[in-house]
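Observations on the model geometry
The chain contents come next:
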There are 2 protein chains.
Amino acid sequence: MQQPRENTVFVGNKPVMNYVLAVVTQFNNGAPEVAIKARGKAISRAVDTAEIALNRFLEGVTKKEILTSTEIIDTDTGKTNVSSIEIILANNK
Amino acid sequence: MQQPRENTVFVGNKPVMNYVLAVVTQFNNGAPEVAIKARGKAISRAVDTAEIALNRFLEGVTKKEILTSTEIIDTDTGKTNVSSIEIILANNK
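Residues numbered from 1 in each chain as written. Chains lettered and ligands numbered in written order. Predicted model: local features only at pLDDT ≥ 70, side-chain atom pairs only at ≥ 80, totals over all residues. Heavy atoms only, no water.

As annotated in an unreviewed UniProt entry, chain A is DNA/RNA-binding protein Alba from Methanoregula formicica. If you open the UniProt record of chain A and go to Sequence similarities (unreviewed entry), you find "Belongs to the histone-like Alba family." According to the UniProt record, the Function (unreviewed entry) comment for chain A is "Binds double-stranded DNA tightly but without sequence specificity. Involved in DNA compaction." (UniProt positions renumbered as here; feature names shortened; annotations may be inferred.)

Next comes the structure, spelled out in structure tokens:
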């Protein structure tokens, strides 16, 4: 089984600054990398989170990798596909 | 001045299959690469477009690069920042 990655911020429907704060806090606590993940319509907010964190708050942190994929979700009406994104930020200090 | 990239699909508010069809058509017409671009809330739909095109319609095409950035937009109420994404698909045949 794959080990769940530490230092992951899951982006949902809250205001974007909540997630920016979560990312910045993890780097301030010494995380070498933080993964920002989202599915479906929250994908736009995940990109906003990364852009705001990098442009306004984080020095020496860069985008390391951006991955997209398709996940199969079980719903009441059967299985459905949803797109997901993972943006990995890395501290280069 | 930078040459505008050919073979670009700008994703907006139309149904996602419109954009999938545009991407598939460009590859069928011989394009070696197609760039899928979107800003703001359409970013999620751009990811959907790439995932659906790759998973259902395109053989031998892969994600080459995913870029995100922040653009400054002039609006009636002043300048505002908006996130953008560019997903570059490449035909490896």
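Focus: the UniProt feature "domain: DNA/RNA-binding protein Alba-like" (unreviewed entry) in chain A
With numbering matched to this structure, UniProt assigns "domain: DNA/RNA-binding protein Alba-like" (unreviewed entry) to residues 7–70 of chain A. Across residues 7–70 of chain A, helical content stands at 44% and strand content at 31%; the span's end C-alpha atoms are separated by 22 Å. (Helix = DSSP H or I, 4+ residues; strand = E, 2+ residues; numbered from the N terminus.)

What about the sheet that holds strand β4 (residues 78–91) of chain B?
Pairing is mixed in the open sheet, where four strands are placed in the order β1-β2-β4-β3 (chain B). Of all strands in the sheet, those with a lone pairing partner are β1 (8–10) and β3 (61–75) of chain B, marking the two edges. Averaged over all neighbouring strand pairs, the angle between strand axes comes to 20 degrees, with direction disregarded. The pairing of β1 of chain B with strand β2 (residues 33–39) of chain B spans three bridges and is classified as parallel. Bridge assignment links V9 of chain B to a residue of β2 of chain B, and that residue is I36 of chain B. With respect to the sheet, helix α2 (residues 43–57) of chain A is in contact with β3 and β4 of chain B, its orientation differing from that of β3 of chain B by roughly 65 degrees. Across the sheet, helix α1 (residues 16–28) of chain B is in contact with β1, β2, β3 and β4 of chain B; its angle to β1 of chain B comes to roughly 175 degrees. (Pairing = 2+ DSSP bridges. Axes fitted to C-alpha atoms, helices over the stretch in contact; angles between N-to-C directions. Contact = heavy atoms within 4.5 Å.)

Concerning the sheet that holds strand β2 (residues 33–39) of chain A
Residues and elements named next belong to chain A. Taking strand neighbours across the sheet as the criterion, the four strands line up as β1-β2-β4-β3 in an open arrangement whose pairing is mixed. Of all the strands in the sheet, the pair left with one neighbour each is β1 (8–10) and β3 (61–75). For this sheet, the mean angle separating the axes of adjacent strands, direction not counted, is 20 degrees. Here 14 bridges tie β3 to strand β4 (residues 78–91), and the two strands are oriented antiparallel to one another. Residue pairing across strands places T62 opposite A90, the latter belonging to β4. Across the sheet, helix α1 (residues 16–28) is in contact with β1, β2, β3 and β4; its angle to β1 comes to roughly 175 degrees. Strands in contact with α2 are β2, β3 and β4; relative to β4, the strand with the most contacts, it is inclined by about 5 degrees.

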